[in-house]
2 protein chains.
Amino acid sequence: MIQTRLIPRTSSAYDSPLLIKTLLAQTLKYNPQREIIYRNIFRMNYFEFNCRVRRLANLFSNLGIKPGDMIGVMDWDSHRYLECFFAVPAYGAILHTINVRLSPAQILYTINHAEDKIILVHEDFAPILEAIKDKITADTKFIILSDKVYEDKNAEIIKTGFPSEGEYENLLSRQSELYEFPDFDENTWATTFYTTGTTGEPKGVYFSHRQLFMHTMGLISYFCGYRALPFSDQDVYMPLTPLFHVHAWGFPFVATMLNNKQVYPGRYEPDMLAKLLSEHQVTLSHCVPTILNMVINCETAKVTDLSKWKVLIGGSALTTGLAKAARTMGITVSAGYGMSETAPVLSVAHLNDAQQNLSEEEELSYRIKAGRITPFVELRIIDDAGNFLPHDGKSVGEIVGRGPWMTQGYFKDPENSEKLWGNGWLHTGDVGSIDEEYYLTISDRVKDVIKTGGEWVSSLDIENLLSQIEGVGEVAVVGLPDVRWGERPQALIVLKPAFLNILTPEMIKNKMQKDVESGKIKKWYVPDKIIFVTEIPKTSVGKIDKKKIRKELSE
Amino acid sequence: MIQTRLIPRTSSAYDSPLLIKTLLAQTLKYNPQREIIYRNIFRMNYFEFNCRVRRLANLFSNLGIKPGDMIGVMDWDSHRYLECFFAVPAYGAILHTINVRLSPAQILYTINHAEDKIILVHEDFAPILEAIKDKITADTKFIILSDKVYEDKNAEIIKTGFPSEGEYENLLSRQSELYEFPDFDENTWATTFYTTGTTGEPKGVYFSHRQLFMHTMGLISYFCGYRALPFSDQDVYMPLTPLFHVHAWGFPFVATMLNNKQVYPGRYEPDMLAKLLSEHQVTLSHCVPTILNMVINCETAKVTDLSKWKVLIGGSALTTGLAKAARTMGITVSAGYGMSETAPVLSVAHLNDAQQNLSEEEELSYRIKAGRITPFVELRIIDDAGNFLPHDGKSVGEIVGRGPWMTQGYFKDPENSEKLWGNGWLHTGDVGSIDEEYYLTISDRVKDVIKTGGEWVSSLDIENLLSQIEGVGEVAVVGLPDVRWGERPQALIVLKPAFLNILTPEMIKNKMQKDVESGKIKKWYVPDKIIFVTEIPKTSVGKIDKKKIRKELSE
């Protein structure tokens, strides 16, 4: 960096650190009477929200939580989760949003890896913890979350097979609502989330206060300033990607900062979601294509006016068919691109002046692309040698990125962290092109993640599972397009000679099915189709040629 | 600050410093074909703007400018000024926006105080420099700006009485348009501006890249996100406060970041301004009440549709009369509050949900107040002992502020810097109240600046001038309301006994008038009325009781 003339530090207010508590502080200025609603069983306004966030901080303090401690959450999408989004980082602790869709073994891995000091767990997920509680290595405390208390104050909470500090609402009610959140370094670690990528164990990405603050500013600039997905504080927001998944793509921070009315839906039951959308006149959501598909095809949606609903689609590609179906109902859909490592938003559909008067079909072709690069983010494409390729819409290479909200690596994983960052650029592992107008197209992946129902399933993981079944020799798994789930895995297997006329594909699927039932693996890990072959196609350097396999299986 | 767990620094992209060049970089992504226009004699789009900014950086490099050097500008409101807004800080140098309305002696003071290495000067202002050139202590270079070259490429530029490097357009045309702006510390000093406050010499406020970046984010959040002054990238922007005055309140940074179409008007001739507003369908401006009054009362305005025009008013209070007059023409007016020391915006009118269905009159009463506190800014009121007073709309005290865009002091003036910052709060010197809804009302000033035509004239300065006139004994100057200028000074004078029947008020005004003609003082320093008295009202501690004087003179 070149030497410049710095502003001398003359006051304690020099830094005005960019902290999560700063976003929270704005909520009292403009429309603090607006509501935050949970499943129609709980509602509060922003005044009350602020008080509850402070009560929660006092609870942490009374439980002996120290700045820098990790606090895990296992909950449905709720107002409680939102309270943790603010109270945990503002307290100086780190929010670990536990991915409840992982297998119990993987959840255990992340809890031990993160060293959670306390876990707030919804009673629906208590059985998972009961199954793994003896293997949790840290001296972890637990707080029980329950929906029942909102319907009946005296409702009996389940008895968990592990000791707990008590029930959330009961504990909050006993705290003071006065708590002054302290100032600290804006590079303080605020949140962490474990992502299941292409290799075995989940990897922890992490974000600082400054990074989440800047992500919020980037989205506000893009959506409110450039009108990419036109919204303002007057929109009504409901998340439709889980809050554990990179903080629901950062939107709860944006919506809270802007005092938006917010609706948290709990579980994703399509008719209930459609009912909430209608009842609260929700105007803004974000989700993976599978969820959009489920919502617009449910019975309630058929009798609901969704013409004011704007939905950002990410996680996997938005098909023209789904986009058209949504459009027919008056829904505004826009696709975007990002990843857990990038907090996550990197690009979102944006129509510039020249694209204002397109035909519906042409406009849709822009809306379903990976989008135009967001403010403050720099994306480049590089060839195998690391050279930058031109932004001509044709040159294809790996997408690399820089910007104010990229994870600095994977927690306690220097090897993969080094792979992630090369030459000062974050390597997305995705392959694509960028055109002259900063529009991004994703054409492939460097590794072969299978995106099914919004989940990123590692093909290597499935290969690993299959290869452990007696009789299975070589194996290759690829994702193939699926109307309902986006993609579904298919497997090629070379049997060991001794098992040649003994095993059938059905028998192998049944074995995996048992692991699904025992909770060892998730059901979407089971390939749709298993094909016995005598040889797995390889590249010239002996690697499995997945491109060729996909092509052959598609034909 | 408490100790927290920091994100480890693992990549060179860790910082993503918040730099002015980052705002510039966004302009190529979304609508780079939009135009920046100067007085209908020059127009370019954002592609060209980017090239020209880079040419300018190459020019600085070729002239031997180093990072940290001070670069002065004396220009009308032009595209050239905007180019300096970006090229100078992005180069690592410091932009000194010279207040061309100061007296030559004061301009000389600021040039020497800032140690300008180079000054870009419009030929209209060359005579000022000619008059003071021998007293400029730094080895300053000069570049001549001229409007003539846009109308006739071969136009002859004035011969200045000081050596110059040449004419701006001519010099730019010989530079490369390739220049990679470097990364550096975001706390690098970016701009400086000399403010004439209540004491003698102008005082230099200064802002870092980070501060200007955050000011831009604050305005975008407030105006685009919270719809305080609803605008987006689709607005057309024209400044009506000079670019030298705290970077035209920061709006050129906002408008450029958002790719807005921009119109720079040069000098402020009302009919020409109204013509530009109409021709380019300008939707967003900001100005002091005097300018708004001039524009809406000019002949052209009477036949112009200004119903899409939104104007932020600051500098002095917006009267109900002026607000109503503007409203009658369909103009949306909103008042705001800020000061040079605060970059400058601290508050802007904002109507919350409860204020959406007010009568026109009630709405106006909110629009003309000092406004609701902007995002990220904290304002408090304190009593004489420094205690915080409640935000009840009644308690009155000095307004103090904190936030990400406050000057850290006055350049080379530790004494006044210390006075400005007390207990970690910036002391505005203004007195007011804040209500429960974060609405600010300014009721008085701690010191007695007279705001006339958007200028802040120190009453102490005028007293000082008057007291130097032979025969003048004691003197007190206060500002009194004036329909045209907002306020105008009036003076009470106690004559020395020997001059009792010799001097008349007219004679004293004539003496000051001569100083105006010789350029020693500005014409608005001459009091409207001079009254001879036998005694100046004093407070109990012997200080001049200006409150009492104002009250008596008003009655």
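Quick look at the structure, then. (Residues numbered from 1 in each chain as written. Chains lettered and ligands numbered in written order. Predicted model: local features only at pLDDT ≥ 70, side-chain atom pairs only at ≥ 80, totals over all residues. Heavy atoms only, no water.)

### Quick word on the overall build of chain A
Scanning chain A from terminus to terminus reveals 19 helices and 25 strands. Computed over the C-alpha atoms, the radius of gyration of chain A is 24 Å, within 12% of the 24 Å expected from 2.2 N^0.38 for a compact globule of 555 residues. If one aligns the C-alpha atoms of chain A with their principal axes, the spans along those axes are about 70 × 60 × 60 Å. Looking at the 555 residues of chain A, the share that counts as buried comes to 62%. If you take every contact in chain A between residues at least 6 apart in sequence, the share linking residues at least 24 apart comes to 69%. For chain A, the accessible surface area stands at approximately 21,400 Å², while carbon and sulfur atoms represent 50% of it. Side chains of chain A give 60 positive and 69 negative charges; the mean places of these two sets differ by 0 Å. (Helix = DSSP H or I, 4+ residues; strand = E, 2+ residues; numbered from the N terminus. Rg over C-alpha atoms; globule rule 2.2 N^0.38 Å. Buried < 20%, exposed > 50% of the residue type's maximum accessible area, 1.4 Å probe, protein only. Contact = heavy atoms within 4.5 Å. Areas by Shrake-Rupley, 256 points an atom, 1.4 Å probe, with all protein chains shown as cover. Lys, Arg positive; Asp, Glu negative; His and termini not counted. Charge placed at Lys NZ, Arg CZ, Asp CG, Glu CD.)

### Observations regarding the pairing of strand S6 (residues 141-145) of chain B
Residues and elements named next belong to chain B. Across the five residues that make up S6, a large majority, four, are buried. With five bridges joining them, strand S5 (residues 116-122) and S6 adopt parallel strand pairing. Looking across to S6, one finds that Ile119 is bridged to Phe142. Assessed by its sense of winding, the connection that carries the chain from S5 through helix H5 (residues 126-132) to S6 is right-handed. (Pairing = 2+ DSSP bridges. Right-handed = clockwise from strand over helix to strand, strands pointing away.)

### Regarding the sheet that holds strand S8 (residues 203-208) of chain A
Residues and elements named next belong to chain A. Spatial strand order, S6-S5-S3-S4-S7-S8: six strands in an open sheet with mixed pairing. In this open sheet, the two edge strands, each paired with only one partner strand, are strand S6 (141-145) and S8. On average, each strand axis in the sheet is tilted by 20° relative to the strand beside it, whichever way the strands run. The strands touched by helix H8 (residues 209-225) within the sheet are strand S7 (189-195) and S8, with S8 carrying the most contacts at an inclination of about 75°. (Axes fitted to C-alpha atoms, helices over the stretch in contact; angles between N-to-C directions.)

### Looking at the interface of chain B and chain A
The accessible area lost on association of the parts is a frequent measure of interface size. Contact with chain B, which involves 77 residues of that partner, is made by 76 residues of chain A. For the pair chain B and chain A, the summed buried surface comes to about 6,500 Å²; carbon and sulfur atoms form 59% of the total. Contact with chain A buries area across many residues of chain B, yet Arg5, Tyr30 and Tyr226 of chain B alone supply 13% of it, more than any other trio. Between the two partners, chain B and chain A, sit four salt bridges. With a shortest N-O distance of 2.7 Å, Arg210 of chain B and Glu186 of chain A are connected by a salt bridge. At the boundary of chain B with chain A, the tally comes to 32 residue pairs in polar contact (both at pLDDT 80 or more). Those elements that place two or more of their residues in the side of chain B that touches chain A are helix H1 (20-26), strand S8 (203-208), helix H8 (209-225) and strand S15 (371-373) of chain B. Looking at the side of chain B that touches chain A, the element that brings in the most residues is H8 of chain B, giving nine residues. Of the residues in the side of chain B that touches chain A, the class split is 38 nonpolar, 25 polar and 14 charged. (Buried area = accessible area lost by both parts, 1.4 Å probe. Salt bridge = Lys/Arg side-chain N within 4 Å of Asp/Glu carboxyl O. Polar contact = N/O pair within 3.5 Å; in protein donor to acceptor, adjacent residues only side chain to side chain. Nonpolar A, V, L, I, M, F, W, Y, C, P; charged D, E, K, R; others polar.)

### Looking at the packing of aromatic side chains
Evaluated as defined, the whole model comprises 52 aromatic pairs over all chains. A centroid spacing of 5.3 Å and a plane angle of 45° characterise the contact between Tyr30 of chain A and Tyr222 of chain B, whose relative ring orientation is tilted. Separated into two different chains, Tyr30 of chain A in the loop between helix H1 (20-26) and strand S1 (35-38) and Tyr222 of chain B in helix H8 make up a pair that spans both. A single burial state applies to Tyr30 of chain A and to Tyr222 of chain B, both of which are buried. Ring-pair connections join several aromatic residues into one group, and the members of that group are Tyr30 of chain A together with Tyr222, Phe223, Tyr226, Phe231, Tyr237, Phe251 and Tyr264 of chain B. When the ring centre of Phe388 of chain A is taken as reference, the NZ or CZ atom of Arg380 of chain A above it lies at 4.4 Å. Sitting over the face of the ring of Tyr410 of chain B, Lys203 of chain B holds its NZ or CZ atom 4.8 Å from the ring centroid. (Phe/Tyr/Trp six-rings, centres within 6.5 Å; stacked < 30°, edge-to-face > 60°. Lys NZ or Arg CZ within 6 Å of the ring centre and 35° of its normal.)

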